[in-house]
Amino acid sequence: MEISGRYGFHAPSEVVFNNLTDPDRAHRWLPSGVNMQRCGSDRVRLIAPLGVAECEVDAAAEDMRLTLRSLHAPRVQGTAYVTDDPAGGSEVHIVVSAEGVDLDPQSVREVLDETMSHLCSDVDDNFNTG
């Protein structure tokens, strides 16, 4: 299964990428009921109502790409690419893929939409401050 989406932002791509990759801001954009604990420079633990997932984190600033990969079954991977928008804002391209698990595509889409809505609010708050 693979689900993708594009989400527009009214801030430069660098601002969006910085908010997306700042572990101290993650609680502001994660979906409701999901918490994150750092387990090292390239590992996090996501704690959600459905369970706990240990994930590898790969943040590539030069490509403005963030990838989270679950380390154990079920294998789930999410990648976000931040690109410039010609109008001066930016766009986040998300791809979520899963192996060995039967996920409801509509539920995954709703979680992505919620997450990007939270990120948009956080970016707007951060970008428009001071």
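Everything numeric in this text was worked out from a predicted model, so none of it was measured. (Residues numbered from 1 in each chain as written. Predicted model: local features only at pLDDT ≥ 70, side-chain atom pairs only at ≥ 80, totals over all residues. Heavy atoms only, no water.)

(A) Structural detail: the side chain of T79. Position of T79 relative to the elements: it lies in strand β6 (residues 75–84). A relative accessible area of 7% means that T79 is categorised as buried. If sequence neighbours within four positions are ignored, T79 has contacts with R65, L66, T67, H93, I94 and V95. (Helix = DSSP H or I, 4+ residues; strand = E, 2+ residues; numbered from the N terminus. Buried < 20%, exposed > 50% of the residue type's maximum accessible area, 1.4 Å probe, protein only. Contact = heavy atoms within 4.5 Å.)

(B) Summary view of the pattern of salt bridges. What the rule picks out here adds up to 10 salt bridges. A salt bridge links D122 to R25, with the nearest nitrogen and oxygen atoms 2.6 Å apart. In this pair, D122 is assigned in helix α3 (residues 105–127) and R25 in the loop between α1 (13–21) and α2 (26–29), connecting sequence segments 97 residues apart. Each member of the pair, D122 together with R25, is buried. Of the charged contacts in the structure, one is a salt bridge between R45 and E54, with a shortest N-O distance of 2.5 Å. (Salt bridge = Lys/Arg side-chain N within 4 Å of Asp/Glu carboxyl O.)

(C) Region of the structure containing the nonpolar core. The biggest cluster of nonpolar side chains holds 25 residues, and the ones touching the most others in it are F9, V16, V92, I94 and L119. Those elements giving two or more residues to this core turn out to be β1 (2–9), α1, α2, β6, β7 (90–99) and α3. Per-element accounting of this core gives the leading share, 6 residues, to α3. If near-sequence neighbours (up to four positions away) are discounted, V92 is found in contact with G5, R6, Y7, F9, V16, A80, Y81, V82 and M116. (Core = buried A, V, L, I, M, F, W, Y, C linked by side-chain atoms within 4.5 Å.)

(D) Geometry of the environment of V108. Within the secondary structure layout, V108 lies in helix α3. The buried category is assigned to V108, whose relative accessible area is 12%. Taking the C-alpha atoms as reference, V108 lies 22 Å from R43; in sequence the two are 65 residues apart.

(E) Representation of the environment of N128. One can find N128 in the segment after α3. Note on N128: relative accessible area 57%, which makes it exposed. Put simply, N128 and A59 are 69 residues apart on the chain and 25 Å apart in space, counted from C-alpha to C-alpha.

(F) Fine view of the pairing of strand β2 (residues 35–38). In this structure, β2 lies alongside strand β3 (residues 43–48), joined through 4 bridges in antiparallel fashion. Each residue of the ladder has a partner; that of N35, found in β3, is I47. Between β2 and β3, which follow one another and run antiparallel, lie 4 residues, and G40 among them has a positive phi close to 140°. (Pairing = 2+ DSSP bridges.)

Remember, this is a structural readout, not a statement about activity or role.
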